Amino acid sequence: QVQLVESGGGLVQPGGRLRLSCAASGSIFSINTLGWYRQAPGKQRELVAATTRGVTNYADSVKGRFTISRDIAKNTVTVYLQMNSLKPEDTAVYYCNAVSIGGAGAYWGQGTQVTVSS
C-alpha cells in the first residue's frame, strides 16, 4: 500500500505560480510512476504530468509552464509540481497519483484545489 498526502493548493492570480507537493509513504519501493492529474468542474480527470524512472511527460496544455520533479528520502518520496504562468483554465482539483511496478496498484491522494482568478 502507498499513502499519498498533497499540499500546496490555493488561490492565485493569472500569471502567478504555485508549487504542489505530494508525500508518498508506505511501500514506496514498489512505485514506478508518480504523476499529477487534475479535474475541472464538469470535465474528466486528465493527466497533467508524470515521471517514470526519470523520464517525464506533460500534457500539451502545460508544457513549458509546469515542471514535475521528485525527491527520495529514507522512507518517503515527495513529488512536486511547479506551476508557473498560471491561467484561469488551470483551475481544477489536482490529484497526486502513484502506480506500482507492473501496474499492480494505483493510488490517489485526496486532491488539492487550485484556483486561478483575479
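Summarised in this report is the structure supplied together with it. Each chain carries its own residue numbering, running from 1 in the written order of its sequence. The model is predicted, so local features are restricted to residues of pLDDT at least 70 and side-chain atom pairs to those at 80 or more, both for listing and for counting; the totals for chains, interfaces and linings are taken over all residues. Side-chain descriptors were evaluated using all non-hydrogen atoms of the structure, hydrogens and water having been removed beforehand.

Description of the pairing of strand β1 (residues 2-7)
Only protein chains enter the accessibility calculation, which uses a 1.4 Å probe. A residue is then buried if its area is under 20% of the maximum for its type, exposed if over 50%, and partly exposed in between. A run of H or I in DSSP counts as a helix once it spans at least four residues, and a run of E counts as a strand once it spans at least two, with each numbered from the N terminus. A one-sided burial pattern is seen for β1, the buried positions being V2, L4 and E6 and the unburied ones Q3, V5 and S7. Pairing between strands requires that DSSP locate at least two bridges from one strand to the other. Here β1 runs beside strand β3 (residues 18-26); their pairing, made up of 6 bridges, is antiparallel. Counterpart to Q3 in the pairing with β3 is S25.

Let's talk about the side chain of S21
With respect to the helices and strands, S21 occurs in strand β3. Under the relative-accessibility criterion, S21 is labelled buried at 16%.

A short note on the packing of aromatic side chains
Stacked, edge-to-face and tilted labels apply to pairs of Phe, Tyr and Trp rings (six-membered ring for Trp) whose centres lie within 6.5 Å, assigned for plane angles under 30 degrees, over 60, and everything in between, in that order. Counting across every chain of the model gives 2 aromatic pairs. Judged by centre distance (5.0 Å) and plane angle (70°), the rings of Y37 and W108 are edge-to-face. Of the two residues, Y37 sits in strand β4 (residues 31-39) while W108 sits in strand β10 (residues 106-108), which places them 71 residues apart along the sequence. According to the relative accessible area criterion, W108 is partly exposed, its value standing at 39%. Between the aromatic rings of Y95 and W108, the centroid separation amounts to 6.4 Å while the plane-to-plane angle is 85°, which identifies the pairing as edge-to-face. Taken as a pair, Y95 in strand β9 (residues 92-100) and W108 in strand β10 lie far apart in primary sequence, 13 residues in all. Look at Y95 and you get buried, because its relative accessible area is 14%. Three or more aromatic residues joined by ring pairs form one cluster here, namely Y37, Y95 and W108. Geometrically, a charge over a ring is one whose NZ (Lys) or CZ (Arg) sits within 6 Å of the ring centre while staying within 35 degrees of the ring normal. Over the face of the ring belonging to Y95 we find R45, whose NZ or CZ atom lies 3.7 Å from the ring centre.

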